[in-house]
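Architecture at a glance
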Amino acid sequence: MVELKKNLSRKYSKGFVVKMRFLHKRSQSEKANSMFWYRYFKWLLWFSLSSYFFVSFLITHSPNPIKPTSFSLSKPSFSRALIESHNPITHPGLLNGMKVYVYNLPPKYNNDWLSNPRCKSHLFASEVAIHKTLLTSQFRTLDPTEADFFFVPVYVSCNFSTVNGFPAIGHARALISSAVKLISSEHPYWNRSRGSDHVFVASHDYGACFHAMEDVAMADGIPEFMRNSIILQTFGVKYKHPCQEVENVVIPPYISPKNVKSTLVKSPVNGRRDIFAFFRGKMEVHPKNISGRFYSKKVRTEILRKYGGDQRFYLKRHRFAGYQSEIVRSVFCLCPLGWAPWSPRLVESVALGCVPVIIADGIRLPFESAVNWPEISLTVPERDVGKLGDILELVTKTNLTIIQRNMWDQETRRALLYSDPMEEGDATWQVLKELSLRVSRSRKSVSSE
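Each value, and the rule that gives it
- Residues numbered from 1 in each chain as written.
- Predicted model: local features only at pLDDT ≥ 70, side-chain atom pairs only at ≥ 80, totals over all residues.
- Heavy atoms only, no water.
- Buried < 20%, exposed > 50% of the residue type's maximum accessible area, 1.4 Å probe, protein only.
- Helix = DSSP H or I, 4+ residues; strand = E, 2+ residues; numbered from the N terminus.
- Contact = heavy atoms within 4.5 Å.
- Phe/Tyr/Trp six-rings, centres within 6.5 Å; stacked < 30°, edge-to-face > 60°.
- Lys NZ or Arg CZ within 6 Å of the ring centre and 35° of its normal.
- Disulfide = S-S within 2.5 Å.
- Core = buried A, V, L, I, M, F, W, Y, C linked by side-chain atoms within 4.5 Å.
- Polar contact = N/O pair within 3.5 Å; in protein donor to acceptor, adjacent residues only side chain to side chain.
- Pairing = 2+ DSSP bridges.
- Axes fitted to C-alpha atoms, helices over the stretch in contact; angles between N-to-C directions.
- Right-handed = clockwise from strand over helix to strand, strands pointing away.
- pLDDT = per-residue confidence, 0-100.

Now for helix α8 (residues 299-307). Within α8, the full set of buried residues consists of Val299, Arg300, Thr301, Ile303 and Tyr307. Looking at the packing, one finds that the buried side of α8 touches β8 (275-280), β9 (313-316), β10 (330-336), α10 (345-351), β11 (355-359) and α12 (388-397).

If you want it as structure tokens, here you go:
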């Protein structure tokens, strides 16, 4: 028994020694590995830091510094920083690579008119806004030989005055004709294309017909020398009309973005709206000194007659400088025709979140490819103006929330306002986008000469 215990003791003793030796050898191996990885990472860190400082030195001391390259799957952007840069970055493919040359006309054709501050702020001021924005646009070229289009900056609506209560623009034809004679005598570009690549703004009631009364405008027609050109005009209808028988782009009337922003600061677009249906403007039964003609084709007169005593309708006939504060409180904003079918209320309503109720048969609305008008507005036939109350009540109970959500989209509002400087998607951008679709036409007309 004693012998057996000695043997067992000897057996387990040897095992223990073997085990200890094994563990000792493994710890030495791990230590060796640890030292290897420590030296490796130390060497890698040293190499990385050395490379970093060496490359940094090359970049900062190179005569042509290496610039970082960015990649994007989104469409090219157009930012305020790009416009204001002294060395703007150009995007050759942007808007079909289009270039616009702006004629530098004598001040009597444009800037002299700005002595009247109203000229750059009233509803016809898109002629001023577009000109001013183009001067700082990356799409402008100072080399007329590379231009796709030529912009002729003549302000005809700045002479807006009141004669018997109506605007007078009888000077427009003579002023534009004078400008055309000047550019055609001093430059070859008008004559080579017969003016087909030249762009004018006609932001008055019946566009390039240049008269506020439709029958006179239709009789006078568009001046012969402008018939080959492209007209940016607020007037547009879906039926045949002498005042749009020319290549044209329907543009929005001018509403000050600054005023809109100021209004929205005080009352957000999705704030409380305690006015059901709003309209402020002229509603004369018999216009002054215009025998046999009825303003707004009697539509406004009918609205006043039918709903003047209806508490749901907030109807005012007199001007009020702060009327935008009323629009931003309203659910529906009535946009009936005046002498012409278009109205500044179309822009103000959308910009301030009030559903525009368009009452102007056959109207062609601005930038229909960018602004989904059927989803953000109501259209009521002129003959149904007496049913307005019932129509608006029905919309309130059905799809008003959807219409408001669509209309409050920021891109939709931006498309109807002339920003300064130009922003991607704003009204001037939309004008250039429409022109870019005609670039091939412009180049073809020049090459065929």
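A separate point is the packing of aromatic side chains. In this structure the tally under the stated criterion is 13 aromatic pairs. Directly above the ring of Tyr295 sits Lys282, whose terminal nitrogen or CZ lies 4.9 Å from the centroid. Across from the ring centre of Tyr314, 5.2 Å away, lies the NZ or CZ of Lys316, which sits over that ring.

Applying the stated rule across the entire model yields 2 disulfides. Here Cys333 engages in a disulfide with Cys354; their sulfurs sit 2.2 Å apart. Around the S-S axis, the bridge from Cys333 to Cys354 shows a dihedral of about 115 degrees and counts as right-handed. Here Cys354 lies in the loop between α10 and β11 and Cys333 lies in strand β10, a separation of 21 residues in the sequence.

A word on unusual backbone geometry. With an omega of 0 degrees, the peptide bond running from Asp420 to Pro421 counts as cis. Non-glycine residue Arg194 carries a positive phi angle of around 55 degrees. By the element assignment, Arg194 lies in the loop between α5 (189-193) and β5 (198-202). By relative accessible area, which is 53% here, Arg194 ends up exposed. For Phe367, which is not glycine, the phi torsion reads 50 degrees and is therefore positive. Its location among the elements puts Phe367 in the loop between β11 and α11 (373-376).

Quick look at the nonpolar core now. Formed by 112 residues in total, the largest nonpolar core has its most connected members in Phe332 and Leu388. At 6 residues, the largest contribution of residues to this core is made by helix α4 (residues 172-186). Contacts of Phe332, omitting those with residues within four sequence positions, involve Phe276, Ala277, Phe278, Cys354, Val355, Val357, Leu378, Leu392, Val395, Thr396 and Leu400.

Attention now moves to the side chain of Thr133. Relative to the elements of secondary structure, Thr133 occurs in helix α3 (residues 126-135). Reaching out from Thr133, the side chain makes a polar contact with the backbone oxygen of Ala129 at a distance of 2.8 Å. Setting aside anything within four residues of it in sequence, one finds Thr133 in contact with Ser419, Met422 and Thr428.

In space, the 5 strands of this open sheet follow the order β1-β2-β5-β6-β7, with parallel pairing throughout. The open sheet terminates on both sides in strands that have one partner only, identified here as β1 (100-102) and β7 (247-250). For this sheet the average axis-to-axis angle between neighbouring strands, irrespective of direction, equals 30 degrees. Sheet analysis places strand β6 (residues 230-233) next to β7, joined by 4 bridges and oriented parallel. If you follow Gln233 over to β7, its bridge partner there is Val250.

Another point: the pairing of β11. Of all the 5 residues making up β11, 5 are buried; the element is thus mostly covered by neighbouring parts of the structure. Once the chain exits β10 it traverses α10 before rejoining the sheet at β11, and the crossover so formed is right-handed. Note: β11 against strand β12 (residues 378-379), 2 bridges, orientation parallel. The partner of Val357 across the bridge, within β12, is Leu378.

Along the chain, Thr263 turns up in helix α7 (residues 257-266). Along the sequence, Thr263 and Ile327 sit 64 residues apart, while their C-alpha atoms lie 9.6 Å from each other. Setting aside its immediate chain neighbours within four residues, Thr263 contacts Gln324, Ser325, Val328 and Leu352.

In this model, the protein carries an average pLDDT of 81, and 73% of its residues clear a pLDDT of 70 or more. Counting contacts from residues 1-32, a segment whose pLDDT is below 50, to residues more than four positions away or on other chains yields 0 contacts. Note on residues 55-91: pLDDT is under 50 here. Beyond four places in sequence and across chains, it has 28 contacts.

Spatial ordering of the open sheet is given by β9-β8-β10-β11-β12, a layout of 5 strands whose pairing is parallel. A single partner strand is all that each edge strand has here, and the edge strands are β9 and β12. In terms of strand pairing, β10 meets β11 through 5 bridges, oriented parallel. Bridge pairing in β11 places Cys333 opposite Pro356.

For the rest of this paragraph, the subject is the environment of Leu400. Among the secondary structure elements, Leu400 is positioned in helix α13 (residues 400-407). When the C-alpha atoms of Leu400 and Phe332 are compared, they prove to be 9.8 Å apart, with 68 residues separating the residues in sequence. The residues touching Leu400, leaving out its near neighbours within four places in the chain, are Val331, Phe332, Val355 and Val395.

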